[in-house]
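# Commentary on secondary and tertiary structure
Residue strings, one per chain:
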Amino acid sequence: MSIVGLALNLLLAGLLVAALGMGWRLNRRLKALRDSHDGFAVAVRELNSAAARAEQGLADLRAATDEAIDLLADRIDKGRSVAAKLERLIDHAAAPQRQAAPTADPVAERRLGALLAAAREARPERVAPSERLALTQRPAPPQRSAPPLRRSVEDDLFDDEPLTLNDVRGAAR
């Protein structure tokens, strides 16, 4: 009996050691799973914050687009009103003009006469010919080159060629 008891004790000890080894390996795997779960949670939080930033960016873009649409609608309305005003001016200019009889204003005529007399006196006709030549030969001012034109957003919005008077008359008919 003692040999059977000893064998059973050894068998139970072996089973206990095997169970402890498996428990230790299982504990390591569970710890790795917990760490990966924590990493996944961090990744989900970062994705949520990125999604929130993207939603805010879209909201800002929508607001800017709405603002641009309002600005363009205002400009289109102003352009239409200017075109209508131009059509009225063209129609008014094309209609025969009634000429009113000029009213004689003696005060205005005297002022005009005085201005003409002052202009005649200021003419350089009384200057000697050599002095007149010196007055007409002034050194030319140095020419500056024009700064390069920069295109703005408005230039991109209005790339069409400007209307001519014939285009406007053709559209009015």
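Residues numbered from 1 in each chain as written. Predicted model: local features only at pLDDT ≥ 70, side-chain atom pairs only at ≥ 80, totals over all residues. Heavy atoms only, no water.

A few words now on the overall build of the protein chain. Looking only at helices and strands, the protein chain features five helices and zero strands. If you list the helices and strands of the protein chain from N to C, you get α-α-α-α-α. Taken across its 173 residues, the protein chain has 1% of its residues classed as buried. With the model as given, the accessible surface of the protein chain reaches about 16700 Å², and the carbon-plus-sulfur share is 61%. (Helix = DSSP H or I, 4+ residues; strand = E, 2+ residues; numbered from the N terminus. Buried < 20%, exposed > 50% of the residue type's maximum accessible area, 1.4 Å probe, protein only. Areas by Shrake-Rupley, 256 points an atom, 1.4 Å probe, with all protein chains shown as cover.)

Here we take up the confidence of the model for the protein chain. Of all residues in the protein chain, 64% attain a pLDDT of 70 or more, and the chain-wide mean is 78. Averaged over each element, pLDDT in the protein chain is lowest for helix α3 (residues 129-136) (51) and highest for helix α1 (residues 2-94) (93). (pLDDT = per-residue confidence, 0-100.)

A separate point is a negative patch on the surface. A cluster of like negative charges, contributed by Asp-66, Glu-67, Asp-70, Asp-74 and Asp-77, occupies part of the molecular surface. When you line up the elements, Asp-74 lands in helix α1. (Patch = residues over 30% accessible without salt bridge, like charges linked within 9 Å, V, L, I, M, F, W, Y side chains within 5 Å. Salt bridge = Lys/Arg side-chain N within 4 Å of Asp/Glu carboxyl O. Lys, Arg positive; Asp, Glu negative; His and termini not counted. Charge placed at Lys NZ, Arg CZ, Asp CG, Glu CD.)

Think of a pair of aromatic rings as described by two things: how far the centres are apart, and how the planes are tilted against each other in angle. Within the structure shown, the criterion is met by zero aromatic pairs. Over the face of the ring belonging to Trp-24 we find Arg-28, whose NZ or CZ atom lies 4.6 Å from the ring centre. (Phe/Tyr/Trp six-rings, centres within 6.5 Å; stacked < 30°, edge-to-face > 60°. Lys NZ or Arg CZ within 6 Å of the ring centre and 35° of its normal.)

The end-to-end C-alpha separation of helix α2 (residues 106-121) is 23 Å, in line with the 22 Å expected for 16 residues at 1.5 Å each. Where burial is concerned, little of α2 is hidden: zero out of the 16 residues are buried. (Expected span 1.5 Å × (residues − 1).)

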